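Next come the chains, spelled out residue by residue.
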Amino acid sequence: MQVPAQFEYARATSVAHAIDLLRRHGPESRLVAGGHSLIPMMKLRIANPETLIDINDLAELTRIGLDSGLLRIGALVRHAELLDSAVVGEHFAIFRDAERVIADPIVRNWGTVGGSLCQADPSEDLSAAFSAVRAIAVIQGADGERTVPVREFHTGPYQTVVGAAEILTELRVPIRPGGGSAYTKVERRAGDWAVAAAGAVLWLDGNTVSDVGIGLTAVGAAHFAAEEAEDFLRGRPATEESFAAAGRIAAAHCNPVADQRGPVDYKRHLAGELTTRALRRAAARAAGAAVETEGA
Amino acid sequence: MQITVTVNGAERTVEVEPRLLLVHLLRDHLGLTGTHWGCDTSNCGTCVVWFDGTPVKSCTVLAAMADGHEVRTVEDLATADGLDPIQQAFSDHHGLQCGFCTPGMLMTGRWLLDRNPDPSEQEIREAISGQVCRCTGYQNIVRSVRAAAELSQVKGARA
Ligand SMILES: Cc1cc2nc3c(=O)[nH]c(=O)nc-3n(C[C@H](O)[C@H](O)[C@H](O)COP(=O)(O)OP(=O)(O)OC[C@H]3O[C@@H](n4cnc5c(N)ncnc54)[C@H](O)[C@@H]3O)c2cc1C
Ligand code: FES
Ligand code: FES
């Protein structure tokens, strides 16, 4: 039986209180949201915080809403809430697609959006989805609020720009008409982490790709993105040939490592193929087609 | 630290270490051994209980997080009138072999039926996809949940 080492526990009653607790308890203190990444790491003694600051009471971080052209998603929104949100599904099917295949329904009831991004696991699905849509992360500290593009949020495996006495409060996604998006993942079995996964958002001007975002996870892509493939596609016709070529570029520029989920060449192949599939589905949705979310 | 948790409708005040997991609070401190504990990786789901009405893996929630909240365990399913339809259906349709995964399956199954009284086989499989049956009795588990849906509908129609 594995249990965490000893620690102190404090419950935050507001964002300001959480920041104050982080400051008072110092660098060995950690926020806990769903705890579905942190508690397993504490059981393995990979993480040994001296103090846990529980942010589950912060109702101010649980909202999903539309506000002057932005989709705003609170850091404490649970995976299941993101999956079920009609407004999210209407504007960004990529999140519905991704959430259908993140962990399992019970884990999704408790794990949070903010915890996923801050965990910064190199195989995290939402990091790739938010990277694809070029979301903005809102971070609060004692001196106020700052915003950071999600593509600059992760500084390495398990590392982010969030400081020791800061808290991620919200993700903001700019909404632009004429777009479509999708996410597609290969896992070893239902509920597992990705062997590889790709997300795409695409805007069409007639049959021309006017803008595009591509996110990749589990394959060592810088910033969870395939920027070279995006640059290639912009201004090109939205055709099978373009999407296949973009997939090949994404595959060439990512940097997977071999592990129990597969060897490098297989993961690279998947990065390309899944990029192409995500683009194809995103383009169909941008053109107004109803494309079902794939099952888990 | 002292916590007060409403477990199956009754307030329980307990002195605990912050590192105590909810599953161990239930089993070791409150004697509610119906909830099982089966892995260290948050994968098996035999520990599923309801937290404020939503199923969670209680091995991955701190007891301290439940302070001031409501927890419902498998012990709360049966009433003075007898078994919950989901329990009756598992009994009738051989939904358990060794029974180790059963508490989690029952709590998830009950929740699914409360939200979706007429789930398809696919919806049932998806709902229990985060739970493992080492006896691999999935066929009968799915059949049992389906039968519980039908049992409840018959009862509802009679009432
Ligand atoms: C069985 C299982 C399967 C899983 N499968 C997948 C999968 O397929 N794909 C996937 O992407 N994920 C998967 N996950 C991870 C899951 O999505 C987690 O819920 C998520 O990674 C972390 O969210 P959390 O709220 O539980 O974070 P926590 O564990 O509470 O926190 C994680 C880290 O983020 C920090 N943190 C949390 N919130 C904030 C905040 N607001 N501001 C600053 N720091 C914060 C914490 O201090 C901690 O360091 C799986 C988890 C489990 C247990
Ligand atoms: S004991 Fe909780 S998931 Fe296995
Ligand atoms: S009945 Fe034995 S583990 Fe499911």
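Residues numbered from 1 in each chain as written. Chains lettered and ligands numbered in written order. Predicted model: local features only at pLDDT ≥ 70, side-chain atom pairs only at ≥ 80, totals over all residues. Heavy atoms only, no water.

## Overview of the overall build of chain B
Helix and strand content of chain B: five helices and five strands. In terms of overall size, chain B behaves like a compact globule, its C-alpha atoms giving a radius of gyration of 16 Å where 159 residues would be expected to give roughly 15 Å. Taking the principal axes of the C-alpha coordinates as reference, chain B spans close to 45 × 35 × 25 Å. Looking at chain B as a whole, 52% of its 159 residues qualify as buried. Considering only contacts in chain B between residues 6 or more positions apart, those separated by 24 or more positions represent 57%. Of the roughly 7000 Å² that chain B leaves accessible, carbon and sulfur atoms contribute 48%. (Helix = DSSP H or I, 4+ residues; strand = E, 2+ residues; numbered from the N terminus. Rg over C-alpha atoms; globule rule 2.2 N^0.38 Å. Buried < 20%, exposed > 50% of the residue type's maximum accessible area, 1.4 Å probe, protein only. Contact = heavy atoms within 4.5 Å. Areas by Shrake-Rupley, 256 points an atom, 1.4 Å probe, with all protein chains shown as cover.)

## Description of the domain arrangement of chain B
All names here are of chain B. The domain boundaries assigned to chain B delineate domain 1 (2-76) and domain 2 (85-158). One C-alpha centre belongs to domain 1, the other to domain 2; they are set 22 Å apart. Residue-level contacts link 18 residues of domain 1 with 15 residues of domain 2. Counting the surface lost from both domain 1 and domain 2, the interface buries some 1200 Å², and carbon and sulfur atoms represent 66% of this. Here domain 1 is connected to domain 2 by zero salt bridges. Put simply, domain 1 and domain 2 have six residue pairs in polar contact (both at pLDDT 80 or more) between them. The set of elements that each furnish at least two residues to the side of domain 1 that touches domain 2 consists of strand 3 (48-51) and strand 4 (54-57). In terms of residue count, strand 4 provides more of the side of domain 1 that touches domain 2 than any other element does, three residues in total. (Domains from an automatic or database assignment. Buried area = accessible area lost by both parts, 1.4 Å probe. Salt bridge = Lys/Arg side-chain N within 4 Å of Asp/Glu carboxyl O. Polar contact = N/O pair within 3.5 Å; in protein donor to acceptor, adjacent residues only side chain to side chain.)

## Remarks on the interface of chain B and chain A
The interface is formed by 32 residues belonging to chain B together with 32 residues belonging to chain A. Remark: the boundary between chain B and chain A carries three salt bridges. Ionic pairing is found between Arg 100 of chain A and Glu 126 of chain B, a salt bridge with its closest N-O pair at 3.0 Å. At the boundary of chain B and chain A, one finds twelve residue pairs in polar contact (both at pLDDT 80 or more). Among the elements of the structure, strand 3, strand 4, helix 3 (102-115) and helix 4 (121-127) of chain B are those that each provide at least two residues to the side of chain B that touches chain A. Among the elements that line the side of chain B that touches chain A, the one with the most residues is strand 4 of chain B, at four residues. Of the residues that constitute the side of chain B that touches chain A, the class distribution is 16 nonpolar, nine polar and seven charged. (Nonpolar A, V, L, I, M, F, W, Y, C, P; charged D, E, K, R; others polar.)

## Concerning unusual backbone geometry
The bulk of non-glycine residues show a negative phi, and the bulk of peptide bonds are trans. The backbone of Tyr 158 of chain A shows a phi angle near 60 degrees, a positive value even though the residue is not glycine. For Tyr 158 of chain A, a relative accessible area of 47% corresponds to the partly exposed category.

## Details of the side chain of Ser 131 of chain A
Along the chain, the position of Ser 131 of chain A falls in helix 8 (residues 125-132). Ignoring any residue separated from it by four or fewer positions in sequence, one finds Ser 131 of chain A in contact with Val 150, Arg 151, His 223, Phe 224 and Ala 225 of chain A.

## Some remarks on the domain arrangement of chain A
All names here are of chain A. Domain annotation of chain A identifies domain 1 (8-54), domain 2 (59-174) and domain 3 (179-295). Placing a centre on the C-alpha atoms of domain 1 and another on those of domain 2 gives a separation of 19 Å. Contact between domain 1 and domain 2 buries roughly 1200 Å² in total, counting both sides, with carbon and sulfur atoms accounting for 72%. Considering only the side of domain 1, the residues that lose the most area to domain 2 are Val 15, Ile 19 and His 36, jointly responsible for 43% of the buried surface there. Where domain 1 meets domain 2, there are zero salt bridges. The interface formed by domain 1 and domain 2 includes two residue pairs in polar contact (both at pLDDT 80 or more). Broken down by element, the residue count for the side of domain 1 that touches domain 2 peaks at five residues, all from helix 1 (residues 15-25). A per-class count over the side of domain 1 that touches domain 2 returns seven nonpolar, five polar and one charged.

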